[in-house]
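Below, each chain spelled out in residue letters.
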Amino acid sequence: MADTLLVRALKSKPKSLNLSNKKLDRVPKAIGKLDCVIHLQLKNNFLKTLPHELTYLDQLQILNCGNNEFEILPEVIEHLFMLEKLHLFNNRIHTLTPKVLTNLRSLTFLNLNSNCLKMLPSEICRLNSLQFLSLDNNVLTELPVELCALTRLEELHIANNKLTNLPLEFGFLINLEKLHLQKNRIRELPESIGKCYKLRVLDIAANDLRIFPTELHNMPLKELFCEENPLLQHIPVHSVQEEEVLSLKEVCARYVMKELKDRWSYLRRAIKHYPQIRDMLAQASRCAVCGESFLNTWLECVRFVDAKSDLRLNNLNGLVPVRALLCSYKCFNAKGHDYYGVAFP
């Protein structure tokens, strides 16, 4: 049947060819003569490989191989330089061959839902035109830091995997608008996610999240889904803590950072000769109460913000727990702020 369709297609030179639902276990080699095809549908068959002749389809932009029996990325795909959209959902793929990913520079859309992926190769960063990536229903336990180099990515779906965290560099995904992470095992979101200034939809439902990062209010979120998480509850209990003894390194770091605010300070002029110290101080944070900088010693607190009035969310009511960092128990004991210490059962 497929051969008959190809013979007919050779006469009409179509831009689109649909070989879906044909019970194919192979693609006829005659496919290579249809170099006019832009959109090729091969879904819902029994394919395990693709023929070399597919490389002759040098105008191909959309390839749908969903619901087949592929176990690895077909190597022929690396030669489809014009490919923009690739569907490989509902296969048995357990490995993304780095060599195949390297040449897909035009790819903007990749659907790998419902496969057997345990990891992503670092070469994922070669897909530098990618705008949509879906990896739902796999068995991923972590994401490579190289994923964060996909700065054109607008939509990322990784629902129903086994993730426990995200890369610390996640904030480099500056064009991300939708992030779907539901049904994983994520315990906390990286602070850098606050740099995703275009993020409008965040779905973190059904994870192990207790608190949101400090910069949550900086994201233009319109929808936040966080049900079925063990989020901290607003149950205030009065507490006064004794001031801690800081390490010498912390005391010195805080003094230097305070001096660096003075434009006439000798340390401000001298610090440029000590790049290692400068890099270390660049990792400092700022106290939510007094505004002073600190390095490695802080008190993790929580502030409960209103989903409607503070975060301006369209789909959520009630209070949302947001992380806050304080530089000392002195600031914690101070009056007039709405930060609470965190007590775990």
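Look up a bit, the structure's there.
A brief structural summary. Predicted model, so just to flag it, every value in this text is computed and none were measured.

For the chain, the count of helices and strands is six helices and 15 strands. Over its C-alpha trace the chain gives a radius of gyration of 26 Å, far above what one expects of a compact globule, namely 20 Å for 345 residues. Seen along its three principal axes, the alpha-carbon backbone of the chain occupies a region of about 85 × 50 × 30 Å. Out of the 345 residues in the chain, the part that is buried amounts to 45%. The contacts in the chain between residues at least 6 apart in sequence include a share of 36% that link residues at least 24 apart. Roughly 18,500 Å² of accessible area belongs to the chain as shown, and the carbon and sulfur atoms make up 51% of that amount. Taken together, the 44 basic and 38 acidic charged side chains of the chain have centroids lying 5 Å from each other.

Counting across every chain of the model gives nine salt bridges. The residue Lys-99 makes a salt bridge to Glu-78 at a minimum N-O spacing of 3.8 Å. With Lys-99 in helix 2 (residues 98–102) and Glu-78 in the loop between strand 3 (62–64) and strand 4 (85–87), this pair connects stretches of sequence that are 21 residues apart. The partner of Lys-261 in a salt bridge is Glu-292, with the nearest N and O atoms 3.2 Å apart. With Lys-261 in the loop between helix 3 (248–259) and helix 4 (266–270) and Glu-292 in the loop between strand 11 (285–286) and strand 12 (293–294), the pair connects residues that are 31 residues apart, well separated along the chain. For Glu-292, a relative accessible area of 29% puts it in the partly exposed group. Each of Glu-188, Glu-191, Glu-300 and Arg-323 takes part in one network of salt bridges that share partners.

Moving on, we come to the sheet that holds strand 14 (residues 319–326). Read from one edge to the other, the open sheet built from three strands follows the order 14-13-15, with strand pairing classed as antiparallel. In the strand order of this sheet, the two ends are held by strand 14 and strand 15 (340–341), each with one partner. The pairing of strand 13 (residues 299–306) with strand 14 spans eight bridges and is antiparallel. From the neighbouring strand, Asp-306 faces strand 14, where its bridge partner is Leu-319.

Turning our eyes to something else, we now look at the side chain of Gln-41. In this structure, Gln-41 sits in strand 2 (residues 39–41). When its relative accessible area of 14% is taken as the criterion, Gln-41 is described as buried. A polar atom in the side chain of Gln-41 sits 3.2 Å from the side chain of His-39. Within polar-contact distance, the side chain of Gln-41 engages the side chain of Lys-43 at 3.2 Å.

Here we take up unusual backbone geometry. Phi at Asn-160 takes a positive value of approximately 55°, unusual for a residue other than glycine. Along the chain, the position of Asn-160 falls in the loop between strand 7 (155–157) and strand 8 (178–180). Look at Lys-183: it is not a glycine, yet its phi comes out positive at around 60°. Examined against the element boundaries, Lys-183 turns out to sit in the loop between strand 8 and strand 9 (201–203). With a relative accessible area of 54%, Lys-183 lands in the exposed category.

A few words on the environment of Leu-86. Along the chain, Leu-86 falls in strand 4. Residue class for Leu-86 comes out buried when judged on its relative accessible area of 2%. Here the alpha-carbon distance between Leu-86 and Leu-63, two residues 23 residues apart in the chain, equals 5.1 Å. Residue contacts for Leu-86: discarding those within four places in its chain leaves Leu-63, Ile-77, Leu-107, Phe-109, Leu-110 and Asn-111.

One face of the sheet, then the other: side chains in a regular strand alternate in exactly this way. In this structure, strand 13 lies alongside strand 15, joined through two bridges in antiparallel fashion. Paired with Cys-301 across the bridge in strand 15 is Gly-341.

Tracing the sequence through the fold places Asp-58 in the loop between strand 2 and strand 3. When the C-alpha atoms of Asp-58 and Leu-80 are compared, they prove to be 6.2 Å apart, with 22 residues separating the residues in sequence.

With that out of the way, let us pick up the packing of aromatic side chains. Each aromatic ring pair is characterised by the separation of its centres together with the angle its planes make. Overall, the coordinates contain four aromatic pairs when judged by the stated rule. Taken together, a centroid distance of 6.1 Å and an interplanar angle of 40° make the contact between Phe-294 and Trp-298 tilted. Over the ring of Phe-109 we find Lys-85; its NZ or CZ atom is 5.7 Å from the centre of that ring.

Our next topic: helix 3. Taking 1.5 Å per residue as the helical rise, helix 3 with its twelve residues ought to reach 16 Å, and the 17 Å between its terminal C-alpha atoms agrees with that figure. Buried residues of helix 3: Glu-250, Ala-253, Arg-254, Val-256 and Met-257, and no others. Taken end-on, helix 3 shows its buried residues confined to a sector of 165°, consistent with a single buried face. In helix 3, the exposed positions that point more than 90 degrees away from the buried face belong to Leu-248, Tyr-255 and Lys-258. Buried residues belonging to helix 3 abut helix 4, helix 5 (275–281) and strand 12.

Conventions adopted
Residues numbered from 1 in each chain as written. Predicted model: local features only at pLDDT ≥ 70, side-chain atom pairs only at ≥ 80, totals over all residues. Heavy atoms only, no water. Helix = DSSP H or I, 4+ residues; strand = E, 2+ residues; numbered from the N terminus. Rg over C-alpha atoms; globule rule 2.2 N^0.38 Å. Buried < 20%, exposed > 50% of the residue type's maximum accessible area, 1.4 Å probe, protein only. Contact = heavy atoms within 4.5 Å. Areas by Shrake-Rupley, 256 points an atom, 1.4 Å probe, with all protein chains shown as cover. Lys, Arg positive; Asp, Glu negative; His and termini not counted. Charge placed at Lys NZ, Arg CZ, Asp CG, Glu CD. Salt bridge = Lys/Arg side-chain N within 4 Å of Asp/Glu carboxyl O. Pairing = 2+ DSSP bridges. Polar contact = N/O pair within 3.5 Å; in protein donor to acceptor, adjacent residues only side chain to side chain. Phe/Tyr/Trp six-rings, centres within 6.5 Å; stacked < 30°, edge-to-face > 60°. Lys NZ or Arg CZ within 6 Å of the ring centre and 35° of its normal. Expected span 1.5 Å × (residues − 1). Arc of directions from axis to C-beta.

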